[in-house]
Amino acid sequence: MRFETIIGLEVHIELSTSTKLFCACSTAYGAPPNTQCCPVCTGMPGALPVLNRKAVEYAVKMGLATNCEISEFSRFDRKNYFYPDLPKGYQITQRYRPICTGGYLGVESEGCLRKIGISRIQLEEDAGKLIHNEAEKVSLIDYNRSGIPLIEIVTGPDIRSAHEAVEFLESLRLIALYTGISDCKMQEGSLRCDVNISVKPAASGSEYGTRIEIKNLNSLKAVRNAIEYESERLKVLLSSGGCIIAETRRWDDSNNVSEPIRSKEDVQDYQYFPDPDLPGVYIDRGWVEEIRSGLPELPQTKRRRYIEEMGLSEQDARLLTSEPYRAYFFETCVEECGKPKAACNWVTGPLTRLLKDKNLSFSAPGISPAYLAGLIGMVDKEIISYTIAVNVLSEMLDTGLDAGSIVEKLGLRQIADEDMLTEIVDRVLYENQDSVRDYRSGKTKAFTFLMGQAMKASKGKAKPELLKTIMERRLDQL
Ligand SMILES: [Zn+2]
């Protein structure tokens, strides 16, 4: 029997505003517990929330980048429930009038672009954090996170595989990074995701199967594994004539299994109602257009431009755009040197590797893109060889100097002087007469060895083609 998997996502992205959604408390990550809270975000009686304009702007940015309608009027609602990390006894969210609706995002799947619908984006506040100390058998509460702005992005039931879900999340993550609305650090909980999944026989038309919800996945790997596991579990259940119960499950990352938390039978009634402390939000069309015109080139458009205008491969374009600062470094370097393919190879190859080795990053690489362009120019003009250039780049990152200064300082200029190279070759041939005999008896390996010795004698600076020509000539003359 063939089955179809239907997936919808609810993605939470923490916005990187400097203050919380309804108060002036700092949102900086990692502060000592309960040092970034006030009467508003700890729900003291009589405290009144005031909406953070920046959070609204960020939500609008995400809406525009995902082709949504931006609501002229939106409103906040109270979602009522008790939990120790929620001191007010309700969460402020947008149930009835979300800020953005009806968008989509294209994701690449099996060589074609599939539209994944976004039914809504809502603004809401995060809850505090419970810390369970097993050893001392106590639970502690940190309210620093309480009231940090989130957007929740809800997709339609349009996703069909773990691959598509991960592609969608990766696209969202990149949009958030490029627009600067979130740092999307999954390990710090800035991006997390709930998965709704159901399985139905492929021939059963448009009727969906019973839905399972998997809560709080906080890595792309967990999303992929959880979907693959759950979809398989449901298929096996259906094939064996079993019955699927609607339920909420959690994903156990270390054992790679999902397990039930609660059945959907006891679905909570949150008694949503409009928050009387917060007036409705009217969003001026002029402001929306202003935000739209300030959006950067989005990652997908950038990728297409790299492929179509610069002639790069899909894989190269993906690597370059996988972080905004890397794309910026690459583009500025291309502007300076005019060689997209060479710049791409240097940026994705030696530069990425060296930055990692030296604990640096593209956001603060220590050299300007123009310096890399200068280095590429020197290789191109055969002033230095590629191998030497990689060492020069390492030196550049250590010192902050440009390529030219380092080449001069360390005397690395390539040797293209025929007399000098002939002298080196002759000395090598004289010192390695066994290899010369081997070469003459037809062992080609001996030639490679002699070339290696000569290159070493030149400290790697000999111009390779010229050295080879001279080596061949001298061997013939012997
Ligand atoms: Zn506060």
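Residues numbered from 1 in each chain as written. Predicted model: local features only at pLDDT ≥ 70, side-chain atom pairs only at ≥ 80, totals over all residues. Heavy atoms only, no water.

Observations regarding the domain arrangement of the chain
Taken domain by domain, the chain consists of domain 1 (3–287), domain 2 (297–409) and domain 3 (418–477). For domain 2 versus domain 3, the separation of C-alpha centres amounts to 34 Å. (Domains from an automatic or database assignment.)

A word on the packing of helix 6 (residues 314–321) against helix 7 (residues 324–337)
Running from amino to carboxyl end, helix 6 crosses helix 7 at an angle of 115°, the nearest separation of the two axes being 6 Å. By the criterion of interaxial angle, the relationship of helix 6 to helix 7 is roughly perpendicular. Across the interface between the two elements, Leu 319, Leu 320 and Thr 321 of helix 6 pack against Arg 326, Ala 327 and Phe 330 of helix 7. Its residues assigned to classes, the contact of helix 6 with helix 7 comprises four nonpolar, one polar and one charged. (Axes fitted to C-alpha atoms, helices over the stretch in contact; angles between N-to-C directions. Helix = DSSP H or I, 4+ residues; strand = E, 2+ residues; numbered from the N terminus. Parallel < 35°, antiparallel > 145°, perpendicular 65-115°, else oblique. Contact = heavy atoms within 4.5 Å. Nonpolar A, V, L, I, M, F, W, Y, C, P; charged D, E, K, R; others polar.)

Observations regarding the state of the cysteines
In a disulfide, the sulfur atoms of two cysteines are covalently bonded to one another. This structure, assessed with the given rule, holds zero disulfides. Residue Cys 333 stays outside any disulfide, its sulfur separated by 4.3 Å from that of Cys 337, the closest cysteine. With relative accessibility at 0%, the residue Cys 333 sits in the buried group. Here Cys 344 stays unpaired: no disulfide links it, and the sulfur of Cys 333, its closest cysteine neighbor, is 11 Å away. (Disulfide = S-S within 2.5 Å. Buried < 20%, exposed > 50% of the residue type's maximum accessible area, 1.4 Å probe, protein only.)

Comments concerning the sheet that holds strand 7 (residues 112–125)
The strands that make up a sheet pair up through hydrogen bonds in the backbone, lying either parallel or antiparallel. If you walk across this open sheet you meet the nine strands as 2-6-7-10-1-11-12-13-14, and the pairing is mixed. Only two strands of the sheet have a single partner each, and these edge strands are strand 2 (69–70) and strand 14 (257–263). Where strand 6 (residues 100–109) and strand 7 come together, nine bridges link them in antiparallel fashion. Within strand 7, the residue paired with Thr 101 across the bridge is Arg 120. (Pairing = 2+ DSSP bridges.)

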